[in-house]
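Reading the structure
What follows is the residue order along each chain.
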Amino acid sequence: MSNSIGLVILSAGQGVRLKMKVPKPLAPALGKCLVDFPITESFRFIEQNKLQGEISLVTGHMREDVEKYVNENYPSKPITYAFQEKQLGTAHALRCYFEQVSQASKFDYTAVLCADTPLIRASDLSQLYLYLQAQNLDGVAATFVDKNPKGYGRIVRGEKAFHIVEEKDASEEIRKITEVNSGLYILKTSFILKHLNNIDSKNKSGEFYLTDLFKDHFNVAPLLFENPETFIGVNTLRHLEDVERILTLEKTAQLRDEGVRFLQATSCYIDWEVTIGEGSIVQPNVMMTGKCKIGKGVTIGAGSILKNAVIEDGATIKPYTVIENGIIRAEAEIGPFARIRPDSDIGPKSKIGNFVETKKVKLDKGVKVSHLSYVGDAEVGEDSNLGCGFITCNYDGAKKHKTKIGKNCFIGSDSQMIAPIEIGDNCYVGSGSTINKSMPAGSFAIARARQDTKEGLAQRFIKKKE
């Protein structure tokens, strides 16, 4: 049995209707780009079917950007490229592939996918491949039924044959057909090479159609798929929104199967590479982007926004908290209304309360910063307590400086530390102090003006209501 395949992903599109500054293959979708999905699923298909294979992209518009992105994100994968300088049709794209990729003609089979169809899965490719082999066909095209088939090539079936007619070339009768071409094909490579150069551009679009390989007199067949959403192509922002909605449902379903509880999954936005551990709870209107890694038994409060965050087991993120490129250690409590900025490492069982902001800090176990404070460019030792309104004054107008606070310290409310400064273990700072000198371990400091009370003078300053 033949067991090698070349998978060709057509990636030359400009995506004018998307109105983006990037080429269509690099349009964003759930933290990935459109082209990531067919690449990933193609490799998965090869692995699942124990095939020898290679993936090639036919690039065109802004090819340098597309190829750079793919090379950076798949550095160890066997991906090659062909360049389609002018977009003269899908058959022309395949000609570019066979002319420019040295291994292309050596594979037993060739699969053709589009970079803008991110909902096709390895299981769909496997279904197509196994059908091709079981029926001993030269080619098979994936089809689906669309109640509003405008824009699609129509599947014209006979008793034992079929062919594809592009909409521009179709009669009014053929345009009534609702079974349409998906643009996903698997064919024997020898069959393609025999007929590809015979395809002409004598049609209303003046393009070379790959669908001309699917004619009544060829040993080819359509395979009807039940779910039309599988083949949504992203041509407009509406299509992109539809695709992201479906991808989100797929992502939350996967997480739910792994033991994550959503209180209202449809209100959440979760990027494709986010992981969440068993027993975690995600409340409504949560947004997780990038490569968030959420542990087991974590609660993510309503309205929270996480980007590239690491949340360890048992932590609680209270509502309306923002965490960006930060680490929250096990059983810590964050928020509500807290902002954890990049390079923050919040220790286990620590507590960050409401309206607290951290940036580039390392807090050890059990540190408490309960409310209305800013901690930046700082290290705070185990079990220290920073009172309400505490500020690290880390910026002198030109450079950032570091604050170090030791273990078991108590810093009173409305205190400031003027960095660079170091506070030893077991220190106590009185409320309302501005500390600009380092303190040795076990010391007490207070730095505020002496109170001066004038009896009976208040009436001079109190205004009476008229």
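Residues numbered from 1 in each chain as written. Predicted model: local features only at pLDDT ≥ 70, side-chain atom pairs only at ≥ 80, totals over all residues. Heavy atoms only, no water.

**Concerning the overall build of the protein chain**
When helices and strands are counted, the protein chain shows 7 helices and 39 strands. A compact globule built from 466 residues would reach a C-alpha radius of gyration of about 23 Å, whereas the protein chain, at 31 Å, exceeds it by more than 25%. With the principal axes as the frame, the protein chain shows a C-alpha extent of 105 × 55 × 40 Å. Across the 466 residues in the protein chain, those meeting the buried criterion constitute 50%. Across the protein chain, the fraction of contacts at a sequence separation of at least 24, relative to all contacts at a separation of at least 6, is 42%. When the accessible surface of the protein chain is split by element, carbon and sulfur atoms take 48% of a total near 23300 Å². (Helix = DSSP H or I, 4+ residues; strand = E, 2+ residues; numbered from the N terminus. Rg over C-alpha atoms; globule rule 2.2 N^0.38 Å. Buried < 20%, exposed > 50% of the residue type's maximum accessible area, 1.4 Å probe, protein only. Contact = heavy atoms within 4.5 Å. Areas by Shrake-Rupley, 256 points an atom, 1.4 Å probe, with all protein chains shown as cover.)

**Structural notes on the pairing of strand β8 (residues 154-157)**
Here β8 runs beside strand β9 (residues 162-165); their pairing, made up of 4 bridges, is antiparallel. Among the inter-strand pairings, Arg-154 is bridged to a residue of β9, identified as Val-165. In textbook terms, the turn of a hairpin is the stretch between consecutive antiparallel strands, and for β8 and β9 this stretch comprises 4 residues. (Pairing = 2+ DSSP bridges.)

**Some details on the nonpolar core**
Of all hydrophobic cores here, the largest spans 49 residues; its most connected members are Met-288, Ile-294, Leu-306, Ile-311, Ile-328, Ile-352 and Ile-423. Setting aside chain neighbours within four positions, we find Ile-294 in contact with Thr-275, Ile-276, Gly-277, Ser-280, Met-288, Ile-300, Leu-306, Ala-309 and Ile-311. Residues Tyr-81, Leu-125, Leu-128 and Val-180 belong to the second largest nonpolar core, which totals 40 residues. (Core = buried A, V, L, I, M, F, W, Y, C linked by side-chain atoms within 4.5 Å.)

Function-wise, these values are silent; they only describe arrangement.
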